[in-house]
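Residue-level listing of the chains:
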Amino acid sequence: MKVEKKYFGTLGDSTECSLYKISNDRMFVCVTDYGCTLTGIFLPNKLGGYDDMILGPQTLEGFVSSPGFSFGSIVGRFANRIGGASYTVDGTTYQLDKNDNAINTLHGGYFRYDHVRWDAKIVENADGSGVEFTRRSADGEQGFGGNVDLTVTYTLNDKNELKLKYKAVTDKETPVNLTNHAYFNLHGCGTVLDHQLQMDCDSYLEVDKNLIPDGKLIAAKDNAFDFHVMKAIGRDIEKVAPGYDHCYVTPCYKNGKWEKPSEDNLCKAAVLADPATGRVMEVYTDQPGMQVYTANWIGGIVGKLGIEYKRHDAVCLETQAFPDAPNKKDFPNCYIKPGEEYKAVTIYKFDF
């Protein structure tokens, strides 16, 4: 296990950004302090080289100019959507950016965590080797109340497990919901409609026309949303055109309650497989929700190696709190108060 640091580029204000390569003897991942971003996951191919398992820009300039797709980056302070672009704590209403259909907030608003440099340090611990990123989200940033100190750690071990650990503390009660927005393609490029997906998720959240949950859980059984038995992502996708963009309820949420597991006993949320290469990715989490998004709106974007992406060229599996949880009292709590600590863990485990 080793971590290598190198120069990635310089921002317009002369701030230098770094790229970190975390490797074991079979695979490696790359992360950057710009946006606390996962820039690549590299698995060996049959030609003796490596294929990158996630989509996105190739250079720092590409990430800087990215128009809001959050390729591989951390999204927050509250990932996904907040209905009405506001929430209320102790009688005080916090107004957020209406960057989603001019009605709701999506991934924190217009200012996102993927367009700011984070502090970074190399770490070696029981989880493996990796990089710890930190930054302060100041009171009023994105419209949220409270100064929030954020910590995100990426580690890789010799079991080919990429672990993401999130932590946050605040000086004022605030909602927190962090996730990584990686666009996965286990073939390296091309459509993922032939990828196989299996999830032990019994339901998903019903949403209105603006993708805001109405509070109801819909059974994912014998319909286009049923992935209990592994099936091709594209088999039923036309029934949910333009594609999947739904929050599934993970096995961590049972009988109407979020039973958060310990870090050494995470819920298995998904298995993604590419029949063409034999590559498999398992997703483990302690979060109640997982947004399944089939890259419905990336058509025309030019990414790594000059490849022009098309709709459904990737799938995002974003572990998280339920969307609009700040405004849904019956959803699992997403608020933290002074003296409390937000913690979340996700593991992407690869077999090849």
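Shown above is the structure to which this text applies.
Residues numbered from 1 in each chain as written. Predicted model: local features only at pLDDT ≥ 70, side-chain atom pairs only at ≥ 80, totals over all residues. Heavy atoms only, no water.

Enquirer: Sorry, what's going on with the sheet that holds strand β21 (residues 245–249) here?
Expert: Where strands meet in a sheet, backbone hydrogen bonds hold them as pairs that are either parallel or antiparallel. With antiparallel pairing, five strands are arranged side by side in an open sheet as β19-β18-β21-β26-β27. Across the chains shown, the open sheet's two edge strands, defined by having one partner strand only, are β19 (213–219) and β27 (316–320). Put simply, the sheet's adjacent strands are angled 35° from each other on average, direction ignored. In terms of strand pairing, strand β18 (residues 203–207) meets β19 through four bridges, oriented antiparallel. By the bridge assignment, S203 is partnered in β19 with A219. (Pairing = 2+ DSSP bridges. Helix = DSSP H or I, 4+ residues; strand = E, 2+ residues; numbered from the N terminus. Axes fitted to C-alpha atoms, helices over the stretch in contact; angles between N-to-C directions.)

Enquirer: Honestly, the state of the cysteines in this entry has me stumped. Any pointers?
Expert: Here, the word disulfide means a covalent bond between the sulfur atoms of two cysteines. As enumerated under the stated definition, the model contains one disulfide in all. Across a sulfur-sulfur distance of 2.4 Å, C252 and C267 are joined as a disulfide pair. Across the disulfide from C252 to C267, rotation about the S-S bond amounts to roughly 140°, and the bridge is consequently right-handed. Of the two residues, C252 is situated in the loop between β21 and β22 (253–254) and C267 in strand β24 (residues 267–274); the sequence distance between them amounts to 15 residues. Given the relative accessible area of 1%, C252 is considered buried. Free of any disulfide, C201 has its nearest neighbouring cysteine sulfur in C247, separated by 9.0 Å. (Disulfide = S-S within 2.5 Å. Buried < 20%, exposed > 50% of the residue type's maximum accessible area, 1.4 Å probe, protein only.)

Enquirer: How should the packing of aromatic side chains be read in this particular structure?
Expert: Taken as a whole, this structure holds 20 aromatic pairs when the rule is applied. Measuring from ring centre to ring centre gives 6.3 Å for Y183 and Y293, while their planes differ by 75°; the resulting arrangement is edge-to-face. Of this pair, Y183 sits in the loop between β16 (179–180) and β17 (196–198) while Y293 sits in strand β26 (residues 289–293), placing them 110 residues apart in sequence. Summarising the burial analysis for this pair, Y183 and Y293 share the class buried. Aromatic pair F184 and Y348: ring centres 5.0 Å apart, planes at 50°, arrangement tilted. Linking F184 in the loop between β16 and β17 with Y348 in strand β29 (residues 342–351), this pair joins segments that are 164 residues apart in sequence. Residue class for Y348 comes out buried when judged on its relative accessible area of 1%. Grouped by ring-pair contacts, the aromatic residues F69, F71, Y183, Y293 and Y309 constitute a single cluster. We note R135 situated over the ring of W118; from NZ or CZ to the ring centre the distance is 6.0 Å. Above the plane of the ring of F227 lies K231, whose end atom (NZ or CZ) is 4.5 Å from the centre. (Phe/Tyr/Trp six-rings, centres within 6.5 Å; stacked < 30°, edge-to-face > 60°. Lys NZ or Arg CZ within 6 Å of the ring centre and 35° of its normal.)

Enquirer: Before we go on, may I ask you to explain the pattern of salt bridges in this structure?
Expert: Two side chains carrying opposite charge are able to pair once their charged atoms lie near each other. Within the structure shown, the criterion is met by 21 salt bridges. R136 is the salt-bridge partner of D149, the closest N and O atoms lying 2.8 Å from each other. Residue D149 is found in strand β13 (residues 148–156), and its partner R136 is found in strand β12 (residues 128–137); the two are separated by 13 residues along the sequence. Residue R136 is classed as partly exposed on the basis of its relative accessible area of 46%. Across the salt bridge formed by E282 and K268, the nearest N and O atoms sit 3.6 Å from each other. With E282 in strand β25 (residues 279–285) and K268 in strand β24, this residue pair connects regions lying 14 residues apart in the sequence. With relative accessibility at 19%, the residue E282 sits in the buried group. (Salt bridge = Lys/Arg side-chain N within 4 Å of Asp/Glu carboxyl O.)

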